[in-house]
Amino acid sequence: MYRSPYILSLTLLLSLSLLFFLGPRLLRPVPPLPISPSDELDDLSLLRRASSPSSPSRLSSASRRPKIAFLFLTNTPLHFSPLWDRFFYGSPRHRRLFNVYVHADPFSNVTAPSDGVFAGRFIPAKRTARASPTLISATRRLLATAILDDPANTYFALLSQHCVPLHSLAYVYRSLFESPRFDLTDPDAARSHGVPLRFRSYIEIHSRSKSLWKRYTARGRYAMLPEVPFEQFRVGSQFFVLTRRHARAVVKDRKLWRKFRLPCYREDACYPEEHYFPTLLSMEDPGACTHYTLTRVNWTGTVNGHPHTYRPPEVSPDLIHRLRASNYSDSYLFARKFSPDCLEPLMSIADKVIFRD
């Protein structure tokens, strides 16, 4: 009479154990937002054109001065457009030394501005979602469009609608193209004579993280093999400043993309956009990457994987100066994450603080 409850408990325990070990093998993962075959083919056509031999790989010495391509990835209105307008138009000498491209989720409530720097700069876009490979696709779409649009685009800076500038455009341009000592980690800086000896990509690349194994196995223990062994799996911020050579490497890639586009079993550990770019460039050309980003973010008090969001009472000259401080370069150039209602206090200190270098 006492055996029945024990047998029932034992059966339940064994069933749960089998479900734990066999579940991932029997149950197919459900992606948060799948990429349709038509979208994949459409992107492939664009990526092939951008990575083809006929596409200029770099700016010739006899051509115009190099430019910065600013790539904005958004799924909400561009609340900080007045601040960015002042950033781009505030330096007359540099007005022709940049291009702007915007990828706005067509399923979100984003209206293209009719005037200002963002007017007419929206590219054909597709739906995006956090923690899905769609953010990788959108970034590759931006890179490919900028590569094809202007051979003078030499650096490619990826930003979001929550990013703000920490310096003037003139300072950003000088730092990337003219200052030989902006990058404090560059081993060639000491041998330079007034000009940078080479351009490096500013992308965060880390090989150590408490959650790295959990993220690596999010699609299954062996899903990334053989192309991406765990020893070569990397993590870093999705916001970067890439050289044209590395931008072309990203749009040219097919091998790693086939792995990172796979759906995850664990959505809580699936952040493809934070792994694909660092892993690819770490495998392709680690020596030409700085391994740090130029976009400052505050991970104190993170909530559900989101960084700290700055609110209007926090905006001050002191905050801007603190956000600029870097151990790897002369200064951070951008910062995130700011709430939309920070626009007014940011505009009030724009000329006297943010754009005064």
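To be clear, the structure that these remarks concern was listed above.
Residues numbered from 1 in each chain as written. Predicted model: local features only at pLDDT ≥ 70, side-chain atom pairs only at ≥ 80, totals over all residues. Heavy atoms only, no water.

Here's the deal with the state of the cysteines
Between two cysteines, a covalent bond joining their sulfur atoms is known as a disulfide.
Next, step 1: Taken as a whole and assessed by the stated rule, the structure comprises one disulfide.
Next, step 2: Through a disulfide, C264 is tied to C270; the S-S separation comes to 1.9 Å. In this structure the cystine formed by C264 and C270 twists about its S-S bond by roughly 55°; its chirality is therefore right-handed. Neither C264 nor C270 differs from the other in exposure class; each is buried. (Disulfide = S-S within 2.5 Å. Buried < 20%, exposed > 50% of the residue type's maximum accessible area, 1.4 Å probe, protein only.)

A word on the packing of helix α7 (residues 244–252) against helix α9 (residues 276–284)
Next, step 1: Two elements in contact, α7 and α9, have axes whose closest approach is 11 Å; the angle formed by their N-to-C orientations is 110°. Accordingly, the angle class assigned to the pair α7 and α9 is roughly perpendicular. As α7 runs across α9, the sense of the crossing is right-handed. Mapping the contact onto sequence places H246, A249 and V250 in α7 and Y276, F277, L280, L281 and E284 in α9.
Next, step 2: Here the contact of α7 with α9 is composed, by residue class, of six nonpolar, one polar and one charged. (Axes fitted to C-alpha atoms, helices over the stretch in contact; angles between N-to-C directions. Helix = DSSP H or I, 4+ residues; strand = E, 2+ residues; numbered from the N terminus. Parallel < 35°, antiparallel > 145°, perpendicular 65-115°, else oblique. Left-handed = near helix turned anticlockwise from the far one by under 90°. Contact = heavy atoms within 4.5 Å. Nonpolar A, V, L, I, M, F, W, Y, C, P; charged D, E, K, R; others polar.)

Thoughts on the pairing of strand β1 (residues 67–74)
Look at any regular strand and the pattern is simple: side chains alternate between the two faces of the sheet.
Next, step 1: Here β1 lies mainly inside the structure; eight of its eight residues are buried.
Next, step 2: Neither face of β1 is left uncovered, since the one carrying K67, A69, L71 and L73 and the one carrying I68, F70, F72 and T74 both have all their residues buried.
Next, step 3: Relative to strand β3 (residues 153–160), β1 runs parallel, the two sharing seven bridges. Within β3, the residue paired with I68 across the bridge is Y155.
Next, step 4: Bridge count for β1 against strand β2 (residues 98–104) is seven bridges, and the pairing is parallel. Bridged to L71 within β2 is Y101.
Next, step 5: Where the polypeptide runs from β1 across helix α3 (residues 81–89) and back to β2, its parallel neighbour, the crossover connection is right-handed. (Pairing = 2+ DSSP bridges. Right-handed = clockwise from strand over helix to strand, strands pointing away.)

Side note on the environment of P226
Next, step 1: Among the secondary structure elements, P226 is positioned in the loop between α6 (212–216) and β6 (241–243).
Next, step 2: On the accessibility criterion, P226 (67% relative accessible area) is exposed.

Quick notes on the packing of aromatic side chains
Next, step 1: For the coordinates displayed, the defined rule picks out 29 aromatic pairs.
Next, step 2: Ring plane angle 45° and centroid distance 6.3 Å describe the contact between Y155 and Y202, whose orientation is recorded as tilted. Taken together, the residues Y155 in strand β3 and Y202 in strand β5 (residues 201–204) connect sequence positions 47 residues apart. Residue Y155 shares its accessibility class with Y202, and that shared class is buried.
Next, step 3: Ring centres of F240 and F277 lie 5.3 Å apart, and the angle between their planes is 65°; this geometry places the pair in the edge-to-face category. You can see F240 sitting in the loop between α6 and β6 and its partner F277 sitting in helix α9, a full 37 residues away along the chain.
Next, step 4: The buried category is assigned to F277, whose relative accessible area is 1%.
Next, step 5: Grouping aromatic residues by their ring pairs yields a cluster made of F70, F72, W84, F87, F88, F98, F118, F334 and F355.
Next, step 6: Of note, R121 hangs over the ring of Y101, and the distance from its end group to the ring centre comes to 5.1 Å.
Next, step 7: Its end group placed over the ring of F107, R127 keeps NZ or CZ at 4.9 Å from the ring centre. (Phe/Tyr/Trp six-rings, centres within 6.5 Å; stacked < 30°, edge-to-face > 60°. Lys NZ or Arg CZ within 6 Å of the ring centre and 35° of its normal.)

Structural notes on the environment of L44
Next, step 1: When you line up the elements, L44 lands in helix α2 (residues 37–51).
Next, step 2: Residue classification places L44 among the partly exposed residues on the basis of a relative accessible area of 21%.
Next, step 3: Separated by 97 residues in the primary sequence, L44 and R141 have C-alpha atoms spaced 9.6 Å apart.

Comments concerning the sheet that holds strand β4 (residues 164–165)
Next, step 1: The mixed open sheet is built from three strands, whose spatial order is β4-β9-β8. This sheet does not close on itself; its edge strands, each paired only once, are β4 and β8 (295–297).

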